[in-house]
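Residues per chain are reported as follows:
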Amino acid sequence: MPEERPTMPPVRLRTDAELARDALAAPLLARAVRLARWAEPGKPVASGGVLPESELRAAIELLGLSGDEDGPEHTAQAWQLAVDTGLVEIDESEEASGAAAAAESDGDGDGKGDGDGADGAAPLGDEFSALAISGEELRLITEGGPRDILDIWLDGFETVLADAAAPDLGDIAAQISEGGELDLDAIDWNPEEEAEFLDGVLGNLYLLTALDEEAAAASVPLPALAASMIVPEDMDEPTDDILEEVSEAMVRLDDQFRLLAPTGLIDYQPVDEALIQEVDGEGRIQEPETAEELEDEDVSRYGMVRLTPLGIYAVRARMIEAGIDAPAVGDLADKGADILLDALPGHPEPAAQAEAEQWLARRTPEEAARELLAAARGDDEGAPLRRLTCQQTLSLVGTEAEPALREVLDDRHLGGLARVWLAEQGVAGVPEPPEAMVFWLTVDTLAAQLATEGDSAELRDLVRGLVDQSGSFFDSAWRVDHPATAEVLEAMGRLHPDKQAAKEARKAAFKARSRA
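Below: a short report on this structure. (Residues numbered from 1 in each chain as written. Predicted model: local features only at pLDDT ≥ 70, side-chain atom pairs only at ≥ 80, totals over all residues. Heavy atoms only, no water.)

Regarding the sheet that holds strand β8 (residues 304-307)
In a beta sheet, neighbouring strands are held together by backbone hydrogen bonds and run either parallel or antiparallel to one another.
Here is step 1 of the chain: Spatial strand order, β4-β8-β5: three strands in an open sheet with antiparallel pairing. Unpaired on one side and paired on the other, β4 (220-221) and β5 (266-269) mark the two borders of the sheet.
Here is step 2 of the chain: Where β4 meets β8, two bridges bridge the pair, whose relative direction is antiparallel. For P221, the partnering residue across the bridge sits in β8 and is M304.
Here is step 3 of the chain: Against the sheet, helix α12 (residues 240-260) engages β5 and β8, with an angle of about 130° to β5. (Pairing = 2+ DSSP bridges. Helix = DSSP H or I, 4+ residues; strand = E, 2+ residues; numbered from the N terminus. Contact = heavy atoms within 4.5 Å. Axes fitted to C-alpha atoms, helices over the stretch in contact; angles between N-to-C directions.)

Side note on the environment of Q80
Here is step 1 of the chain: Relative to the helices and strands, Q80 resides in helix α4 (residues 71-85).
Here is step 2 of the chain: Residue classification places Q80 among the partly exposed positions, given a relative accessible area of 37%.
Here is step 3 of the chain: Residues Q80 and V160 lie 80 residues apart in sequence; the distance between their C-alpha atoms is 9.8 Å. (Buried < 20%, exposed > 50% of the residue type's maximum accessible area, 1.4 Å probe, protein only.)

Quick notes on the packing of helix α9 (residues 191-211) against α12
Here is step 1 of the chain: In the contact formed by α9 and α12, the axes pass within 12 Å of each other and the chain directions differ by 80°. The angle between α9 and α12 falls in the class roughly perpendicular. Facing α9, whose interface residues are E194, F197, L198 and V201, α12 presents A249, R252, L253, Q256 and F257.
Here is step 2 of the chain: Residue classes in the contact of α9 with α12 are distributed as six nonpolar, one polar and two charged. (Parallel < 35°, antiparallel > 145°, perpendicular 65-115°, else oblique. Nonpolar A, V, L, I, M, F, W, Y, C, P; charged D, E, K, R; others polar.)

Thoughts on the pattern of salt bridges
Here is step 1 of the chain: Counted according to the given criterion, the structure contains 22 salt bridges.
Here is step 2 of the chain: Among the ionic pairs, E371 bridges to R363, the shortest N-O distance being 3.2 Å.
Here is step 3 of the chain: Classification of E371 as partly exposed rests on a relative accessible area of 29%.
Here is step 4 of the chain: Judged by relative accessible area, which is 17%, R363 ranks as buried.
Here is step 5 of the chain: Salt bridges sharing partners connect three or more residues here, namely E136, R139 and E143. (Salt bridge = Lys/Arg side-chain N within 4 Å of Asp/Glu carboxyl O.)

Next up, the structure:
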């Protein structure tokens, strides 16, 4: 048998047009686009596309980052993104090399710069042997559709994500300058583990968004996010070693999230730098020493993060590429009612309603009702839950569906729920259901509740209410011709708080099994 793919809960995505606007507004891509337009006539660069220092200074000024301490770094990152995504192309042909040299000699520099080289600039004495020009992708930014823009943004995001998972360049430079060989173990970096850890963190943020949209609208404290990746689920009280790992992970994530935030992937409030200490040459988060101090501490100082709608789109794209089933609301709109009714119970409630609404929007109310009712029939184990889901979906349909519901009033499987729907719509002329149909619908509904909730408090209240309303419930219930009758009565025996009623439920379950 083929291996089952991991499945995530569905998420609601913004439209491509909305996401494309978000992508263009993200600081990193916005800067990269401006630099690509600036480079359109051709800019002399070093091999690989590195900007000469004079051009880097001009780029910093163009982006309005001259007074920013991190201006050179942000400009170099935007330039690199432009090159990586094809917004800027680097021509290293002989003709381009000559043009670059001529352009540099005609400029205000001598091709060597006048300093030690700003971040991202070509080092002193470097030969300007290439020409940077605007690429084909820049045309797509203005002339292409939303999907073209999103593809460019995704390419850029992937390069930044790879940079975020890379080791500290200072450690690598120190090793090389000392004449030693590059030792990844010595700098405590495993490329696969680091990428997997960062993917796991983003996956946890994605899962939170999918499971609870309201909770996901608020940012997640960085300590909780790091702990979710490190503290074992069965560990009641984290050990000192585990807490140290969490602290190290927070420092690492703080660096990575600072790098990822300008892409538009996340909203991030960084860790307060006053809380970061150097311990044995490594960063550590200074944590409150007592519970009282922790209560008084502003948790936001330890970092707060959430995925943006653009981030949800990007993480989902990566999951799909990795072979994970990551559905989006609306995926079922063109599927059959049988697929819809099987899928909706596994959706969080807001996503389930949104999915049902999109499915209904593709059909007339009467057509939708007929299709749903036909899919709800059956005596198989999953049929009660299908019928409950059908009833919930039909609650979103107006009175235009009345003819389809009236057609099934005498149907053993559907007559009960049809009467409930017609009564809720307030239509006239709804026939009273026979007693056998009332009991059948009751057993069917309880079977569906058991399938979704198990022995929940809500189901316990429902069972107690049913028995209290009818003192002779069990005298008739065991005779119900439903595949789940015995199972439902056994559950009622477990759930009813009254010992005598529970005993009657168990006796009725025994009779139902004997009858079957």
